[in-house]
Amino acid sequence: MDTISAYFQLIAERPELFLQSERIPLILDEREMRTYSELTGKTMGVVYNNEPFYLVLADLCRGRAGLYSYARVVSMNPKSNGCVAVPRCQNQFGLLHIFRHAARQWSVEFPRGFAENPALTPEENVRKELSEELGIAESDCRITPLGEVRADSGLSSGSAQIFLADLSPAARIVPSGEEGIGGFRWVGEEDLKEMICNGEITDGFTLAAYARLLCEKTASEESF
């Protein structure tokens, strides 16, 4: 199946990804997309399939100056693109030191991962990530949902579910060393804030997760 045929199959399977808007109208005519591709030499449709994580699409859109190609990343899991865990134990927060291929740089982040198995609930998925990345047993962790984040809505359709992961003091942390993980450390909240302020932490998922945690803390304090 070529990239444009795959695109129109995706339209049939996931119509929610192709909702129309007057601001950025999509051209959902196969003949017109093929003509545009032939005239411009641009690959259109599903240009990259990174199963089971995401697809890269090249949509055909209409603007004031005419037709143009607009790329985006869409999740293969219609429920959620992934999860973010905020590990906490005795007022300490857990951070990964991880090498990110996209930036080709090291990053300091809360643990997170894709939702590659659509059969799992978001809570099951975050527990799987904590087990795989840090070796945390289910019995040593209490999970609380904090909400949802879209870390780059200009590029990706995916969202991630955020969870507070309260760990038992007896929990054993064993970083996997896989997927670019270089280490794990605990920091106090004041140190966490300082790392954010001085630019040591720049990951959008981590910043959003901490912001959601602050919202929960504020709501809890105001309820008293």
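Before reading on, note that the structure itself is shown above.
Cut-off values and rules
- Residues numbered from 1 in each chain as written.
- Predicted model: local features only at pLDDT ≥ 70, side-chain atom pairs only at ≥ 80, totals over all residues.
- Heavy atoms only, no water.
- Helix = DSSP H or I, 4+ residues; strand = E, 2+ residues; numbered from the N terminus.
- Buried < 20%, exposed > 50% of the residue type's maximum accessible area, 1.4 Å probe, protein only.
- Areas by Shrake-Rupley, 256 points an atom, 1.4 Å probe, with all protein chains shown as cover.
- Expected span 1.5 Å × (residues − 1).
- Core = buried A, V, L, I, M, F, W, Y, C linked by side-chain atoms within 4.5 Å.
- Contact = heavy atoms within 4.5 Å.
- Pairing = 2+ DSSP bridges.
- Phe/Tyr/Trp six-rings, centres within 6.5 Å; stacked < 30°, edge-to-face > 60°.
- Polar contact = N/O pair within 3.5 Å; in protein donor to acceptor, adjacent residues only side chain to side chain.

1. Some points on the overall build of the protein chain
Thinking step 1. Looking only at helices and strands, the protein chain has five helices and ten strands in total.
Thinking step 2. With respect to the principal axes defined by its C-alpha atoms, the protein chain has extents near 60 × 35 × 30 Å.
Thinking step 3. Put simply, the protein chain has 224 residues, and 41% of those count as buried.
Thinking step 4. Counting every atom, the protein chain has about 12,700 Å² of accessible surface; 50% of that belongs to carbon and sulfur.

2. Observations concerning helix H3 (residues 122-134)
Thinking step 1. With 13 residues, H3 ought to run about 18 Å at 1.5 Å a step, and its terminal C-alpha atoms sit 18 Å apart, in line with that.
Thinking step 2. Just beyond H3, the residue with positive phi is glycine 135, at close to 70°.

3. As for the nonpolar core
Side chains of nonpolar character tend, in soluble globular proteins, to be buried together.
Thinking step 1. Core analysis: the biggest nonpolar cluster contains 20 residues, and Tyr7, Phe18, Met33, Met44 and Leu57 have the highest contact counts within it.
Thinking step 2. Put simply, the parts of the chain that give this core at least two residues each are helix H1 (3-13), helix H2 (30-40) and strand E2 (54-63).
Thinking step 3. Sort the elements by how many residues they give to this core and H1 lands first, with six residues.
Thinking step 4. When sequence neighbours within four positions are dropped, the list of residues in contact with methionine 44 reads Thr3, Ile4, Met33, Tyr36, Ser37, Ala58, Asp59, Leu60 and Ser69.
Thinking step 5. Among the nonpolar cores identified, the runner-up in size contains 19 residues, and Val84, Phe93, Val108 and Ile162 belong to it.

4. Focus: the pairing of strand E5 (residues 92-100)
Residues in a regular strand point their side chains to alternate faces of the sheet.
Thinking step 1. Alignment of strand E4 (residues 82-89) against E5, held across two bridges, turns out to be antiparallel. Note on E5: the bridge partner recorded for cysteine 89 is glutamine 92.
Thinking step 2. Remark: two residues form the turn of the hairpin made by E4 and E5, two consecutive strands paired antiparallel; glutamine 90 in that turn has positive phi of roughly 50°.
Thinking step 3. With five bridges joining them, E5 and strand E6 (residues 105-109) adopt antiparallel strand pairing. Counted as the bridge partner of arginine 100 is glutamine 105 from E6.
Thinking step 4. Here E5 hands over to E6 after four residues, with arginine 104 in that stretch at a positive phi of 55°.

5. A look at the packing of aromatic side chains
The geometry of an aromatic ring pair comes down to the distance between the two centres and the angle between the two planes.
Thinking step 1. Counting across every chain of the model gives eight aromatic pairs.
Thinking step 2. Note on phenylalanine 93 and tyrosine 210: the rings are 6.5 Å apart at their centroids and 85° apart in plane angle, and the pair reads as edge-to-face. Here tyrosine 210 lies in helix H5 (residues 204-222) and phenylalanine 93 lies in strand E5, a separation of 117 residues in the sequence.
Thinking step 3. The class of tyrosine 210 is buried, set by a relative accessible area of 6%.
Thinking step 4. Here the aromatic residues Tyr7, Phe8 and Phe18 are joined through ring pairs into a cluster of three or more.

6. Concerning unusual backbone geometry
Thinking step 1. Between glutamate 51 and the following residue, proline 52, the backbone shows a cis peptide bond with an omega angle of 10°.
Thinking step 2. Tracing the chain through its elements places proline 52 in the loop between strand E1 (45-50) and E2.

7. Some thoughts on the side chain of arginine 127
Thinking step 1. With respect to the secondary-structure elements, arginine 127 resides in helix H3.
Thinking step 2. You can call arginine 127 buried: its relative accessible area is 18%.
Thinking step 3. Of note is the side chain of arginine 127, whose polar atom sits 3.3 Å from the backbone oxygen of glutamate 138.

8. Section: the environment of cysteine 61
Thinking step 1. Topologically, cysteine 61 is positioned in strand E2.
Thinking step 2. The exposure class of cysteine 61 is buried, given its relative accessible area of 2%.
Thinking step 3. Along the chain, cysteine 61 and isoleucine 27 lie 34 residues apart, while their C-alpha atoms are 5.5 Å from each other.
Thinking step 4. In this structure, cysteine 61 is in contact with Ile24, Pro25, Leu26, Ile27, Gly66, Leu67, Tyr68 and Tyr70, ignoring residues within four places of it in sequence.

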